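For reference, the chains in residue letters:
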Amino acid sequence: MLEQCLISVQKTVEGISKEIVIVDNNSSDGSREFLQKTFPDCVCIFNDQNAGFAKACNQGYKQSLGKYILFLNPDTVVSKDCFQKCISFFETHQDAGAIGVRMINEKGKFLKESKRGFPSPAAAFYKLFGLAFPFPHSKIFSKYYAGHLPENENNPVDVLSGAFMMIRKEMLQKTGSFDESFFMYGEDIDLSYRILQAGYKNYYLGEITITHAKGGSTTFNYEYVKRFYGAMNLFVKKHYKGKRSSIFVFTLYAGIWLRKIIATISLLFR
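Every chain begins its residue count from 1, and numbering advances along the sequence as written. Thresholds applied to this predicted model are a pLDDT of at least 70 for local features of residues and 80 or more for the giving and counting of side-chain atom pairs; totals over whole chains, interfaces and linings are not thresholded and use all residues. Hydrogens and water are ignored here; the side-chain numbers use all heavy atoms of the structure.

**Here we look at the packing of aromatic side chains**
Two aromatic rings are characterised by how far apart their centres lie and by the angle between their planes.
Part 1: For Phe, Tyr and Trp, where Trp contributes only its six-membered ring, two rings pair if their centres lie within 6.5 Å, and the inter-plane angle classes them as stacked under 30 degrees, edge-to-face over 60, or tilted in between. All told, the structure shown has 8 aromatic pairs when counted by the stated rule.
Part 2: Aromatic side chains Tyr68 and Phe90 sit 4.9 Å apart centroid to centroid with 20 degrees between the ring planes, which places their arrangement in the stacked category. One end of the pair, Tyr68, is in strand β4 (residues 68-72); the other, Phe90, is in helix α3 (residues 82-92), with 22 residues separating them in the sequence. Note on accessibility: Tyr68 and Phe90 belong to one class, buried.
Part 3: Members of the aromatic cluster, joined through ring pairs, are Phe53, Phe71 and Phe178. Strands are runs of DSSP state E lasting at least two residues, helices are runs of H or I lasting at least four, and both sets are numbered from the N terminus onward. A simple rule labels every residue: compare its accessible area, found with a 1.4 Å probe on the protein chains alone, to the largest value its type can have, and call it buried under 20%, exposed over 50%, or partly exposed in between.

Here you go:
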């Protein structure tokens, strides 16, 4: 499992200098031999077990030296000017703590997780029970995926995707990197939340598009549903308190129960 590619970028007089750190979570498909032979100039970290997404990202971050850190999924394809545009945006927006971009799949379909809102009780309810589907651009019903914001425009958002997340290194030194309590899923929501708490903004750049082969390392099944909504529960326990948390947890568990049934039924018919 090639977990994560981390690119550390430093703006220089000549242009952009970069270093690439690749973290492999105990692959069994020959990735180690391939990477060592094909990319000898990259820094490669090979774990002897699946350490999880957050921990793998942090391993790469600790090896980085650049001014900007890009956490990048291995199943992505970026354009030649992607990094330059992101760095230019950082340098003209001092309030930017992190940047995400417009992601599409191999068929050109927009991936809604490119920009998201925080999983509030209402947002979670609308998403889990399918009420956002009839109103994809509603600020109320589609709040979880920030459906009211045009996909091709630049805007501040609550949450960026860990599949492509460029962050100022000085920002990470203040907030800390990914919380390793999140094994997989939810760690990007948690870090996005902490960036906003530190007084910075998360920007979604709709003018930059990358391809993300969503599902390249994830299969939709019962285990996925369990892990994903388990991560949401962990986020709630960490950041939400009191009555709001109780309402959210109740909604969350109701949604998990419903999604598990749907996942189980869909698997039976495959």
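Moving on, there is more to tell.
**Overview of α3**
Part 1: Buried within α3 are the following residues: Cys82, Phe83, Cys86, Ile87, Phe89 and Phe90. Looking straight down α3, one finds its buried side chains confined to an arc of 155 degrees; they lie on one side. In this description, the arc belongs to the directions extending from the helix axis to the C-beta atoms.

**Details of helix α6 (residues 187-197)**
Owing to its 3.6 residues per turn, the α-helix brings residues three or four apart onto one side.
Part 1: Burial analysis of α6 places 9 of its 11 residues in the buried class, which makes it a mostly covered element.
Part 2: Those residues of α6 lying buried are Glu187, Asp188, Ile189, Asp190, Leu191, Ser192, Tyr193, Arg194 and Ile195.
Part 3: Among the residues trailing α6, Gly199 stands out with phi positive, at a value near 95 degrees.

**Brief notes about the pairing of strand β8 (residues 154-157)**
Part 1: With burial as the criterion, only one face of β8 is covered, namely that bearing Asn155 and Val157; the residues Asn154 and Pro156 on the opposite face remain uncovered.
Part 2: As paired strands, β8 and strand β11 (residues 201-212) are joined by 4 bridges and run antiparallel to one another. Bridged to Asn155 within β11 is Tyr204. A strand pair is defined by DSSP finding two or more bridges across the two strands.

**Thoughts on a nonpolar patch on the surface**
Part 1: A residue counts toward a patch only above 30% relative accessible area and without a salt bridge, and it is joined to like-charged neighbours within 9 Å or, for Val, Leu, Ile, Met, Phe, Trp and Tyr, to nonpolar neighbours within 5 Å. Surface accessibility in these figures is a Shrake-Rupley result with a 1.4 Å probe; residues are shielded only by whichever protein chains are displayed. We define a salt bridge as a side-chain nitrogen of Lys or Arg found within 4 Å of a carboxyl oxygen belonging to Asp or Glu. Together, Trp257, Ile261, Ile265, Leu268 and Phe269 give the surface a local cluster of nonpolar side chains, amounting to about 630 Å² of exposed area.
Part 2: Along the chain, Ile261 falls in helix α8 (residues 242-268).

**Quick word on the nonpolar core**
Part 1: Counting 43 residues, the largest nonpolar core has Phe71, Met165, Ile167 and Ile195 as the members making the most contacts within it.
Part 2: Listed by contribution, the elements that provide at least two residues to this core are β2 (16-25), α2 (53-62), β4, β9 (159-160), β10 (164-168), α5 (169-175), α6 and α7 (222-239).
Part 3: Sorting elements by how many residues they give to this core places α7 first, with 6 residues.
Part 4: Once residues within four sequence positions are removed from consideration, Ile195 is found in contact with Gly97, Ala98, Met165, Ile167, Met171, Thr175, Tyr200, Lys201 and Asn202.
Part 5: Here, nonpolar core refers to any group of buried Ala, Val, Leu, Ile, Met, Phe, Trp, Tyr and Cys residues whose side-chain atoms link them within 4.5 Å. Grouped together as the second largest cluster of nonpolar side chains are 23 residues, Phe89, Phe90, Ala163 and Ile210 included. Whether two residues are in contact is decided by their heavy atoms: any pair within 4.5 Å suffices.

**Regarding the pairing of β10**
Part 1: Burial analysis of β10 places 5 of its 5 residues in the buried class, which makes it a mostly covered element.
Part 2: Going residue by residue along β10, you find Phe164, Met166 and Arg168 tucked away on one face and Met165 and Ile167 tucked away on the opposite face as well.
Part 3: The pairing of β4 with β10 spans 5 bridges and is antiparallel. Looking across to β10, one finds that Leu72 is bridged to Phe164.

**As for the environment of Ser192**
Part 1: Here Ser192 shows up in helix α6.
Part 2: Sequence separation between Ser192 and Ala98 is 94 residues; the distance between their C-alpha atoms is 8.0 Å.
Part 3: What Ser192 contacts, discounting residues up to four positions off in sequence, is Phe118, Asp158, Val159, Leu160, Met165 and Asn202.
Part 4: Under the rule applied, a polar contact is a pair of N or O atoms within 3.5 Å (in protein, one hydrogen donor and one hydrogen acceptor; residues adjacent in sequence only if both atoms are side-chain atoms). At 2.8 Å, the side chain of Ser192 forms a polar contact with the backbone oxygen of Asp188.

**Considering the pattern of salt bridges**
Part 1: Overall, the coordinates contain 5 salt bridges when judged by the stated rule.
Part 2: Measuring nitrogen to oxygen at the nearest pair gives 2.8 Å for the salt bridge that ties Glu151 to Arg102. Here Glu151 is found in the loop between α4 (121-128) and β8, whereas its partner Arg102 is found in strand β6 (residues 96-104), with 49 residues between them in sequence.
Part 3: Given the relative accessible area of 14%, Arg102 is considered buried.
Part 4: For Asp188, the salt bridge identified is with Arg116, shortest N-O distance 2.9 Å. On the criterion of sequence distance, the pair formed by Asp188 in helix α6 and Arg116 in strand β7 (residues 115-116) is long-range, its members being 72 residues apart. Pair check on accessibility: Asp188 and Arg116 agree, each one buried.

**Topic: the environment of Arg116**
Part 1: Accessibility expressed as a relative area gives 6% for Arg116, which makes it buried.
Part 2: Between the alpha carbons of Arg116 and Tyr144 there is a distance of 5.4 Å; along the sequence they are 28 residues apart.
Part 3: Those residues within four positions of Arg116 in sequence are excluded, and the remaining contacts are Tyr144, Tyr145, Ala146, Val157, Asp158, Val159, Leu160, Ser161, Asp188 and Ile189.

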